[in-house]
Each structure stands twice: as structure tokens, then as C-alpha cells.
Amino acid sequence: MSGNFSFYIGCIYVAVFAGIVGISTVFYRKKRFEKYGYVYKKLGCNIKNIPYFLKDCKKAAFVYENSEAVKNILELNKKYIPYLNFINDKNNYYYFCKSKRQFDTLNDYKIAKDIIINNIENLRYNISSAKANKLIYEDYLREVERLKTFKAPEQIKNIPLLKMDPLVFSLIEKEEVACAIISKPVTSIDFILNISYTSPKGRNHYSRKFLLIHDEVKGIISLIEENLASEHKIKSGNGAEETDEVLSKN
């Protein structure tokens, strides 16, 4: 009887110990995500590509605290983040047809152009912001390459209180740097017109999308601006033409 009792007690101890180890592992992983995941997200970094071995939070934390490359990249991020524009790459607009016949015969391009005219300021801003993002991000990546210098194994050995293989340190450091690099911002936009029709009783629903990519949207906006300038010039001459008449010629 006492043997069985001791066996049960032993099982309980093993279970408790395993539970403590499991909780500790979860705690460290959670702690690392909250500490470093927050830092990365705050600085606009991509944390989706962290490989499995980086879940060893103690080692990753040690590398994070002792890597000059990581510190340099994060400092660089603080310099560039304020100048990046956070805009949507997908600009969705909606048009609801009043009949199935209208849905079938609708001139998608004309509707898209009308919507662009009505939202020209917002789209112009997004295009301008995307262009600025492209230039800023290219400059940022050049700076990253300059700062992304890694220590040789013999230099890593000199890090105070190093408790891991220098090769492991190097592997983790490269991944930490990759995670710290700011994710590519929006450098081009799409105009998406969602056209749909639903029958009165809701039994039938039809939909399609009309897509204009970045350069097409830019071209239409340029055309609209040219036409408006021509209209203004014509009005200044005789005051006879209207905007819609000028646009309808294109």
C-alpha cells in the first residue's frame, strides 16, 4: 500500500514539475512577445518571419540586448518612421446598380472616372504619399545595409557573460536584425470599383470588380487635371463650356 502511495506521490511531483517547466516556457515566450513584439510593432517591423528557434526567449533576449546591429537598426527606425505615410494600398469604392440591365450594360470605366473626379483630392494624396514612401524606403534600406554589420565569432566571445555558442549568437542576431527592419510601406495604390446588383427580393445577387492600377489612376488624374485646366482657359475666353462637356471628349 505504501509503495503505491509513494508511486502516486512521485507521479504528482513529476506532473507539478512538468507543469512548472511548461508554464515557465509559456511565460518567457509571452514575455518576449510582449517586450520585443511590442517594440517591433511600435517601430513598424515585421515579426511574422521569426523562425522556431527564436522562440527560445532567453537567448533571443540576450542577443537583443547585446547586438550593436539590432540597436543601430532600431535607432534608425526612429529616424525614418515619422516620415513614412500609412495609407491603404487598396482603395475600394462601390457602385450599386438599380437593375440587372444596368449591371449588364454599365460602362465601368466611365463610372470609375466619375468616382475618381469626386475623390480626386484623396487619391492624389495617396499617390503622392506612395511616391514619397518609395523614395524614403529606398534611402532607408541603403542605411540599413551600412549599419547591418555583424561581429566575427572571435569578437562575439568577448561579449561579457556570454553563455551561448558564438555561432548560435550570430544566427539569432541575423534573424533579430531581419525582424527589426521596417516592413515595406505602401509604394503604389490600386483603385478598385466594386459593382453590384441585388434583386428586390434579394434572391439574386451579381457583382464584379473593376481594377485600375497605380499608373492608370495617375494617368486618369493627370487627364482630369489637364481637362480642368483647359476648361478654365476656355471659360476665361468665352465662358461657354462646362467641365462635363470637356471631359466627355476624352
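Residues numbered from 1 in each chain as written. Predicted model: local features only at pLDDT ≥ 70, side-chain atom pairs only at ≥ 80, totals over all residues. Heavy atoms only, no water.

Peer 1: Looking at this model, I keep getting lost on the packing of aromatic side chains. Mind explaining?
Peer 2: Here the distance between the centres and the angle between the planes together describe a pair of aromatic rings. For the structure on display, the rule yields five aromatic pairs. An aromatic cluster of at least three residues, connected via ring pairs, comprises Tyr80, Tyr137 and Tyr140. In this structure, Lys100 is placed above the aromatic ring of Tyr206, and the distance from its NZ or CZ to the ring centre is 4.6 Å. The side chain of Arg208 reaches across the aromatic face of Phe103, ending 4.4 Å from its centre. (Phe/Tyr/Trp six-rings, centres within 6.5 Å; stacked < 30°, edge-to-face > 60°. Lys NZ or Arg CZ within 6 Å of the ring centre and 35° of its normal.)

Peer 1: When you look at the pattern of salt bridges in this model, what are you seeing that I'm missing?
Peer 2: Pairs may arise between side chains of opposite charge once their charged atoms sit close together. A full pass over the atoms with the stated rule returns 11 salt bridges. Close ionic contact of Glu145 with Lys148 constitutes a salt bridge, the shortest N to O distance being 3.1 Å. You can call Glu145 exposed: its relative accessible area is 52%. Counted as one network, the salt bridges with shared partners bring together Glu121, Arg124 and Glu225. (Salt bridge = Lys/Arg side-chain N within 4 Å of Asp/Glu carboxyl O. Buried < 20%, exposed > 50% of the residue type's maximum accessible area, 1.4 Å probe, protein only.)

Peer 1: In this structure, what is going on with the environment of Lys113? I would like to understand it.
Peer 2: With respect to the secondary-structure elements, Lys113 resides in helix α5 (residues 108–118). Along the chain, Lys113 and Ile220 lie 107 residues apart, while their C-alpha atoms are 7.3 Å from each other. (Helix = DSSP H or I, 4+ residues; strand = E, 2+ residues; numbered from the N terminus.)

Peer 1: I keep staring at the nonpolar core and nothing clicks. Help me out?
Peer 2: Nonpolar side chains tend to gather and get buried jointly when the protein is soluble and globular. Of all hydrophobic cores here, the largest spans 25 residues; its most connected members are Ile116, Leu123, Ile189, Phe191, Leu193, Leu212 and Ile221. Elements with a contribution of two residues or more to this core: α5, α6 (120–147), β2 (190–198), β3 (205–212) and α9 (214–237). Not counting the four nearest positions on each side in its chain, Ile221 is found in contact with Ile116, Ile120, Leu123, Arg124 and Ile127. Counting 17 residues, the second largest nonpolar core, distinct from the first, contains Val70, Leu76, Val177 and Ile181. (Core = buried A, V, L, I, M, F, W, Y, C linked by side-chain atoms within 4.5 Å. Contact = heavy atoms within 4.5 Å.)

Peer 1: Looking at this structure, I do not really get the pairing of β3. What am I missing?
Peer 2: Both faces of the sheet carry side chains from a regular strand, because those side chains alternate between them. The sheet contact formed by β2 and β3 spans eight bridges and is antiparallel. Residue pairing across strands places Leu193 opposite Phe210, the latter belonging to β3. Hairpin connection from β2 to β3: six residues lie between these consecutive antiparallel strands, with Gly202 at a positive phi of about 75°. (Pairing = 2+ DSSP bridges.)

Peer 1: How should I be thinking about the confidence of the model for the protein chain in this particular structure?
Peer 2: Residues of the protein chain with pLDDT of at least 70 account for 64%, and the chain-wide mean is 75. Per-residue pLDDT stays below 50 along residues 12–45; that stretch engages in 42 contacts with residues further than four places along the chain or on separate chains. In the predicted structure, residues 48–55 sits below a pLDDT of 50 and forms 14 contacts with residues beyond four places in sequence or in another chain. (pLDDT = per-residue confidence, 0-100.)

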